[in-house]
Amino acid sequence: MRQKKIELPREIHTGPGVIKKVGDICKNLRFKGKATIVTGPKTIKIAGKKVAESLKDKNFDVNIIKVKKATKDVVEKVKNKLEGTSIALGVGGGKVIDVVKMASKYANVHFISVPTAATHDGIASPRASIKNDKGSVSLPAHAPIAVIADTDIIRKAPYRFLAAGCGDVISNYTAVLDWKLAHRLLYERYSESSAALSLMSAKMVIKSADSIKKGLEESARIVVKALISSGIAMSIAGSSRPASGSEHKFSHALDIVAPKPALHGEQCGVGTIMMMYLHGKDWKFIRDTLKKINAPTNAYELGIDPEYIIEALTMAHKIRKERYTILGDRGLTRAAAKRLAEVTGVI
Ligand SMILES: NC(=O)C1=CN([C@@H]2O[C@H](COP(=O)(O)OP(=O)(O)OC[C@H]3O[C@@H](n4cnc5c(N)ncnc54)[C@H](OP(=O)(O)O)[C@@H]3O)[C@@H](O)[C@H]2O)C=CC1
Ligand SMILES: O=C(CO)COP(=O)(O)O
Ligand SMILES: [Zn+2]
């Protein structure tokens with residue numbers, strides 16, 4: 001019998017004002033001494049300082065590291081600064097959380113995920129997307145020991161962020177279709193329970209699409225819940241397969257070719273419309289749901305020139321090559337890419 005390990009967060013704290021409890025939560029988890037906060041230039045003001053205060057109140061010796069990028073070098077630098085730390089905390093968006101996830105794994109310390117925006121499903125996942133000179137790689141990291149998601153902070157973030165999170169989780173539709181395809185064609189290992197949870201996470205958002213609105217705590221809570229359960233689907237799979245397929249390849253390709261890429265989740269949402277079309281599924285349903293949420297559904301709304309959309313479509317199959325998808329091994333011709341984007345109204 002094949003052995004399997006599933007790593008999950010031990011505690012999940014959500015709700016308005018929960019950030020004030022960070023110190024308490026760390027103490028209850030039996031951390032003490034030095035706590036290192038990894039945060040970003042904006043998020044330090046939004047949440048980093050509050051986390052520091054809460055930790056200091058509980059007698060932690062607090063060290064703050066600001067990061068701007070999620071690259072291998074940055075991960076290495078942060079890892080070196082984690083020496084002697086009892087607990088690392090990632091306070092910010094997806095990049096910050098990915099950096100602390102990898103650095104803490106290398107430094108052999110636990111980390112806590114403190115998202116400041118509901119933009120991505122890496123909040124609770126055991127994977128990290130790290131940039132390199134060829135784009136990015138998906139690396140095995142470890143799951144956070146705790147997730148502390150303050151829905152008051154998240155609801156006050158620009159609405160665009162919440163809509164991006166919806167795009168990232170809705171993309172599970174095509175990710176699972178691609179996974180099933182790879183299972184049928186290549187007999188790739190497939191988990192029914194992981195795929196079911198991944199789809200359920202997407203459906204949680206789709207079902208509530210009409211009530212996902214700017215500034216509402218309830219909306220932030222729905223999206224955070226869906227993103228966390230999508231991360232747990234990745235934990236069960238032991239990879240990002242249930243949450244990253246052809247639509248993510250398209251988004252990763254855009255990150256390489258577009259001079260000013262949009263948010264990860266926004267790009268994944270648009271990618272999902274097009275990949276649903278390639279799968280012969282109801283792509284209009286995805287487009288209409290994204291529209292209801294006020295997430296981008298075309299190049300113009302992404303702020304990306306149509307030429308880059310076509311280029312990203314033609315090179316997407318070369319990204320994460322080990323992950324077989326509807327794009328196949330040869331990918332799309334330029335003519336097919338142009339037609340796909342036109343037919344689905346993306347350009
Ligand atoms: N590991 C995984 O499983 C997954 C990883 N990802 C990765 O996550 C990244 C995308 O994350 P995303 O959050 O979209 O992008 P970023 O982490 O780049 O954040 C985007 C910007 O938003 C700012 N920000 C964050 N919170 C707030 C707030 N409350 N108010 C105002 N500004 C805020 C950040 O500030 P600051 O400048 O301070 O950082 C940053 O400038 C990608 O690299 C993607 O590959 C995505 C999905 C899953
Ligand atoms: O973004 C992800 C899941 O939403 C993870 O993507 P990758 O595994 O392709 O880096
Ligand atoms: Zn994603």
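Sequence order as written defines residue numbering, which begins from 1 separately in each chain. Numbering of ligands from 1 and lettering of chains from A proceed in the order in which they are written. Local features in this predicted model are restricted to residues whose pLDDT is 70 or higher, and side-chain atom pairs enter the listing and the counts only when it is 80 or higher, whereas totals over whole chains, interfaces and linings include all residues. Side-chain calculation: all heavy atoms of the structure are included, whereas hydrogens and water are not.

Peer 1: In this structure, what is going on with the overall build of the chain? I would like to understand it.
Peer 2: Of regular secondary structure, the chain possesses 15 helices and eight strands. Computed over C-alpha atoms, the radius of gyration of the chain comes to 19 Å, within 12% of the 20 Å expected from 2.2 N^0.38 for 347 residues, which places it in the range of a compact globule. For the chain, the spread of C-alpha atoms along the principal axes amounts to about 60 × 45 × 35 Å. Whether a residue is buried, partly exposed or exposed follows from its accessible area with a 1.4 Å probe, protein chains only, as a fraction of its type maximum: under 20%, in between, or over 50%, in that order. When the 347 residues of the chain are sorted by exposure, 59% land in the buried category. Across the chain, contacts joining residues at least 24 apart in sequence account for 76% of those joining residues at least 6 apart. When the accessible surface of the chain is totalled, it reaches about 15500 Å², and 51% of it is carbon and sulfur. Every helix listed is a DSSP run of H or I at least four residues long, and every strand listed is a run of E at least two residues long, numbered separately from the N terminus. Computation of the radius of gyration draws on C-alpha atoms, with the globule rule given as 2.2 Å multiplied by the number of residues to the power 0.38. Here, residues are in contact when the closest pair of their heavy atoms is within 4.5 Å. Methods summary: accessible areas were calculated by the Shrake-Rupley approach with a probe of 1.4 Å, and residue burial reflects only the protein chains presented.

Peer 1: Just checking my understanding: could you explain the pattern of salt bridges for this structure?
Peer 2: Opposite charge on two side chains permits them to pair, given that their charged atoms come into close proximity. Between Lys or Arg on one side and Asp or Glu on the other, a salt bridge is scored when a side-chain nitrogen of the former is within 4 Å of a carboxyl oxygen of the latter. If you walk through the whole model with that rule in mind, you get 12 salt bridges. As a salt-bridge pair, K58 and D24 come within 3.5 Å of each other at their nearest N and O atoms. One end of the pair, K58, is in the loop between α2 (43-57) and β3 (61-66); the other, D24, is in helix α1 (residues 22-28), and 34 residues separate them in sequence. Across the pair K101 and D98 runs a salt bridge whose closest N-O atoms are separated by 3.8 Å.

Peer 1: Explain the site of ligand 1 to me, please; I cannot follow it from the model alone.
Peer 2: Nearness here has a simple test: a residue counts as near a molecule or strand if at least one of its heavy atoms is within 4 Å of that partner. Taken together, 28 residues are adjacent to ligand 1, and K42, T116, T119, S125 and R127 come closest. Polar contacts, as counted here, are pairs of nitrogen or oxygen atoms within 3.5 Å of one another; within protein the pair requires one atom able to donate a hydrogen and one able to accept it, and residues that are adjacent in sequence qualify only if both atoms are side-chain atoms. Between ligand 1 and P41 there is a distance of 3.2 Å, counted from an oxygen atom to a backbone nitrogen or oxygen. Note that an oxygen atom of ligand 1 is positioned 2.6 Å from one of the side-chain N or O atoms of T119. The fraction of the free accessible surface of ligand 1 (940 Å²) that becomes covered by protein chains is 88%. Among the secondary structure elements, those contributing two or more residues to the shell around ligand 1 are α2, α4 (94-107), β6 (127-132) and α6 (159-170). Residue type decides the class: Asp, Glu, Lys and Arg count as charged, Ala, Val, Leu, Ile, Met, Phe, Trp, Tyr, Cys and Pro as nonpolar, and the leftover types, Gly among them, as polar. Considered class by class, the residues forming the shell around ligand 1 number nine nonpolar, 11 polar and eight charged. In this document the domain limits rely on a domain assignment from an automatic tool or a database. When residues of the shell around ligand 1 are assigned to domains, at least three map to each of domain 1 (11-156) and domain 2 (164-343).

Peer 1: Can you walk me through the domain arrangement of the chain in this structure?
Peer 2: If you check the domain split of the chain, you get domain 1 (11-156) and domain 2 (164-343). Taking only C-alpha atoms, the centre of domain 1 and the centre of domain 2 are 25 Å apart. The interface is formed by 25 residues belonging to domain 1 together with 28 residues belonging to domain 2. Buried area: the accessible area, evaluated with a 1.4 Å probe, that two parts lose upon being put together, summed over both parts. Each partner contributes to the roughly 1900 Å² buried at the junction of domain 1 and domain 2, and carbon and sulfur atoms together form 65% of this total. Our count for the domain 1 to domain 2 interface comes out at zero salt bridges. Counting across the interface, domain 1 meets domain 2 through seven residue pairs in polar contact (both at pLDDT 80 or more). Counting only elements with at least two residues in the side of domain 1 that touches domain 2, the list comes to β1 (11-15), β6, β7 (135-140), β8 (146-150) and α5 (151-156).

Peer 1: Please clarify how the environment of D329 should be interpreted in this entry.
Peer 2: Note that D329 resides in the loop between α14 (306-315) and α15 (334-343). On the basis of relative accessible area, D329 is assigned to the exposed category, the value being 62%. Each C-alpha atom of the pair D329 and S191 lies 23 Å from the other, and the pair is 138 residues apart in sequence. Dropping the residues within four chain positions of it, D329 is found in contact with H317 and Y324.

Peer 1: Help me understand the layout of surface pockets, please; the structure alone is not making it clear to me.
Peer 2: One way to see where empty space is left: roll a probe the size of a water molecule over the atoms. A cavity here means a set of points on a 1 Å grid, drawn over the protein atoms and nothing else, where a 1.4 Å probe fits but cannot get out; a pocket is an open set with protein on both sides within 12 Å along at least five of seven lines, and a residue lines either one if it has an atom within 4 Å of a point. Grid points are joined across faces, edges and corners, and a volume is the space filled by probe spheres set on the points. Here the second largest pocket defines a volume of roughly 430 Å³. Taken together, 20 residues form the lining of the second largest pocket, with R189, I236, A237, G238 and S239 sitting closest to its centre. No other element matches helix α9 (residues 217-237), which puts three residues into the lining of the second largest pocket. Here the lining of the second largest pocket is composed, by residue class, of eight nonpolar, four polar and eight charged. Split by domain, the lining of the second largest pocket shows at least three residues from each of two domains, domain 1 (11-156) and domain 2 (164-343).

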